[in-house]
Amino acid sequence: MEQAIREQALTDRVVAAFDRAADPRLKMLMQALTRHLHAFIREVRLSAGEWNAAIEFLTRAGHITDDRRQEFILLSDVLGASMQTITVSNPANGNATEATVFGPFFVENSPEIALGGDIARGATGEPCWVAGTVSGTDGSPIAGARVEVWEADADGYYDVQYPGDVSAGRGHFHTDAEGRYRFWGLTPTPYPIPNDGPVGELLAAAGRTPVRAAHLHFMVVAPGFRTLVTHIFVADDPQLAVGDSVFGVKDSLIRRFDRQPAGTATPDGRDLGDRTWTRTRFDIVLAPEDR
């Protein structure tokens, strides 16, 4: 009983230390964090050795992070914190497309491509034709929406994971007057998140897979609408049954990628020779901007 009183008294003192924070939101966040953090320590009876191991883990995560790799985002992802934040921040709104994780491989200032263009730009993989529309929840088409797309190559790597200044497998374009978009990309394939650092060691120790289900990233921006960050996933990907390492899969985002035999005519007349290709459709619905 005396021990519990001492522990609670310390928690109360730390919470009270934030009472004078000028920003009410900061005060609320730090006091809630303190209460939950202390409750965790008390629940698991954290040892000094475990505390030191956690500090070492976070230190190593900081050392491996650079302008091309964000280990702390990976940590947030594998703990489900990224998806929970997205779930809280994107409340359901009618038929609006669901959001999912941003991931660590988005790059600002991607190449602009024309509608029907190819984002692969040298990245290896099977060609894939993607088309759809962007509309509001009332069905009205959204012209001029900026659609950003990015994906890994057939070997499971994003361009930023290669040495040098490579830009491939990503790009952006704008919807036409009827809200339509179309582009060539690559058929998504499963790949492991970077697992040569502390987050990878954590997953291995927990007996969890580092592999992400095959997916293609989207970010859609339009005035008056909530910015959407999402993926689409491949319906027949076996990884869906195993699980996605960052908990990003939502049933509403699973799409068929129909494989076309070599020689099948393409929608835009592109000659793919003796290569197979896939096609999919993804109609995007944006929620009104939060007010």
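Definitions and limits used
Residues numbered from 1 in each chain as written. Predicted model: local features only at pLDDT ≥ 70, side-chain atom pairs only at ≥ 80, totals over all residues. Heavy atoms only, no water. Pairing = 2+ DSSP bridges. Helix = DSSP H or I, 4+ residues; strand = E, 2+ residues; numbered from the N terminus. Phe/Tyr/Trp six-rings, centres within 6.5 Å; stacked < 30°, edge-to-face > 60°. Lys NZ or Arg CZ within 6 Å of the ring centre and 35° of its normal. Axes fitted to C-alpha atoms, helices over the stretch in contact; angles between N-to-C directions. Parallel < 35°, antiparallel > 145°, perpendicular 65-115°, else oblique. Contact = heavy atoms within 4.5 Å. Buried < 20%, exposed > 50% of the residue type's maximum accessible area, 1.4 Å probe, protein only. Expected span 1.5 Å × (residues − 1).

Draft legend 1. Local environment of the sheet that holds strand β3 (residues 170-174). Strand order in this open sheet of five strands is β3-β2-β7-β8-β9, and the pairing throughout is mixed. Taken across any chain shown, the strands that pair with only one partner, and hence form the sheet edges, are β3 and β9 (254-255). Pairing geometry for strand β7 (residues 215-221) and strand β8 (residues 228-234), over six bridges, is antiparallel. From the neighbouring strand, H217 faces β8, where its bridge partner is H231.

Draft legend 2. Layout of the packing of aromatic side chains. Within this structure, the stated rule accounts for 14 aromatic pairs. Taken together, a centroid distance of 5.9 Å and an interplanar angle of 75° make the contact between F102 and W150 edge-to-face. Of this pair, F102 sits in the loop between α5 (81-89) and β1 (127-136) while W150 sits in strand β2 (residues 146-150), and the two are 48 residues apart along the sequence. Every member of this aromatic cluster is reached through a ring pair, and the members are F173, Y181, F183, F218 and F282. Above the plane of the ring of W184 lies R270, whose end atom (NZ or CZ) is 4.9 Å from the centre.

Draft legend 3. The arrangement of the packing of helix α3 (residues 48-64) against helix α6 (residues 198-206) in detail. For the pair α3 and α6, the least separation of the axes is 9 Å and the interaxial angle reads 135°. Judged by the angle between their axes, α3 and α6 are oblique. Facing α3, whose interface residues are F57, R60, A61 and I64, α6 presents P198, V199, E201 and L202.

Draft legend 4. Quick peek at the environment of G117. For G117, the location among the structural elements is in the loop between α5 and β1. Judged by relative accessible area, G117 falls into the buried class, the value being 19%. When the C-alpha atoms of G117 and H172 are compared, they prove to be 9.9 Å apart, with 55 residues separating the residues in sequence. Look past the residues within four positions of G117 in its chain and what remains in contact with it is R182, F183 and W184.

Draft legend 5. Representation of unusual backbone geometry within the structure. Although it is not a glycine, R45 sits at a positive phi angle of roughly 55°. With a phi angle near 45°, R121 is a residue other than glycine that sits in the positive phi range. Turning to its location among the elements, R121 is positioned in the loop between α5 and β1.

Draft legend 6. Structural view of the environment of S47. When you line up the elements, S47 lands in the loop between α2 (24-44) and α3. Residue S47 is classed as partly exposed on the basis of its relative accessible area of 33%. As for S47 and P238, which are separated by 191 residues in sequence, their C-alpha atoms are 40 Å apart.

Draft legend 7. Summary view of α2. A rise of 1.5 Å per residue sets the reference length of α2, with its 21 residues, at 30 Å; its end C-alpha atoms lie 31 Å apart and thus fit the reference within 8%. Check the buried side of α2 and you find it contacts α1 (2-16). Count one or two residues on from α2 and you reach R45, which has phi positive near 55°.

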